[in-house]
Amino acid sequence: MSCKCQMKFSLDEDIVKYAKECTENEYPESYLISVLHKVQNRYGYLSEIHLDEVAHLLQVPTANVYGVATFYHYFKLKPRGKFSISVCLGTACFVKGADSVLDAFKNELGIELGETSSDCIFSLESTRCIGVCAMAPVVTINDRVYSNVVPAQVPAIIHEVKENMQVEA
Ligand code: FES
């Protein structure tokens, strides 16, 4: 049975509608990941209020929603920057110095892994093998792949991204 309450949601109307439709099915909880994907795709991350609203809409315990949101690496619980920097820490990248590349990004941006810069431009994350080991160490910034990255290149990479951002603005 779908949620019939008159509660005001901060989630966009189409997501509320989708979640309500999910509850018409036999196992509403099985749509939880699908709903969370929609929320994250729309807002860039899963805020506490949105997680609570999803729990309410799907009529599943809030603890279950938080459990799923924190279990999957894909889901982000904090706002992310306009550019998501992801350093591959898979074996091939690691043995070729990915940890030093990661340290260089931390130093350059003044943030730790999982954090977002204070100007909300960059988020720093790590990933496991993305399947291009021949180009290790590899860093992705949004959809762009940087190959054979060495720590000394990091300031120039950051500078380039910021410059391109200003050109596009
Ligand atoms: S280990 Fe980094 S791309 Fe494979």
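In what follows, the structure referred to is the one given above.
Report follows, based on the coordinates. These numbers were taken from a predicted model, which means no experiment stands behind them. (Residues numbered from 1 in each chain as written. Predicted model: local features only at pLDDT ≥ 70, side-chain atom pairs only at ≥ 80, totals over all residues. Heavy atoms only, no water.)

## Structural notes on helix α6 (residues 98-109)
The end-to-end C-alpha distance of α6, which contains 12 residues, comes to 16 Å, matching closely the 16 Å that a straight helix rising 1.5 Å per residue would cover. Those residues of α6 that fall on the buried side of the exposure criterion are Ala 98, Val 101, Leu 102, Ala 104, Phe 105, Lys 106 and Leu 109. Buried residues in α6 make contact with β1 (83-88), α5 (91-95), β2 (122-127), β3 (139-141) and α7 (154-168). Once α6 finishes, Gly 110 follows within two positions and takes phi at roughly 70°, a positive value. (Helix = DSSP H or I, 4+ residues; strand = E, 2+ residues; numbered from the N terminus. Expected span 1.5 Å × (residues − 1). Buried < 20%, exposed > 50% of the residue type's maximum accessible area, 1.4 Å probe, protein only. Contact = heavy atoms within 4.5 Å.)

## Some points on the side chain of Ser 84
Structurally, Ser 84 is set in strand β1. Judged by its relative accessible area of 12%, Ser 84 is buried. Only 3.2 Å separates the side chain of Ser 84 from the side chain of Glu 125, close enough to count as a polar contact. In this structure Ser 84 touches Ser 123, Glu 125, Thr 140, Ile 141 and Asn 142, once residues within four positions along its chain are discounted. (Polar contact = N/O pair within 3.5 Å; in protein donor to acceptor, adjacent residues only side chain to side chain.)

## Points about the side chain of His 50
Mapped onto the elements of the fold, His 50 is located in helix α3 (residues 48-58). Not counting the four nearest positions on each side in its chain, His 50 is found in contact with Ser 10, Leu 11, Val 39 and Tyr 43.

## Points about the packing of aromatic side chains
Enumeration over the complete set of coordinates arrives at 4 aromatic pairs. Note on Phe 71 and Tyr 72: the rings are 4.9 Å apart at their centroids and 90° apart in plane angle, and the pair reads as edge-to-face. When its relative accessible area of 37% is taken as the criterion, Tyr 72 is described as partly exposed. Between the aromatic rings of Phe 83 and Phe 122, the centroid separation amounts to 6.0 Å while the plane-to-plane angle is 35°, which identifies the pairing as tilted. Highlighted residues: Phe 83 in strand β1 and Phe 122 in strand β2, separated in sequence by 39 residues. The positively charged end of Lys 38 is found above the aromatic ring belonging to Tyr 18, 4.6 Å away from the centroid. (Phe/Tyr/Trp six-rings, centres within 6.5 Å; stacked < 30°, edge-to-face > 60°. Lys NZ or Arg CZ within 6 Å of the ring centre and 35° of its normal.)

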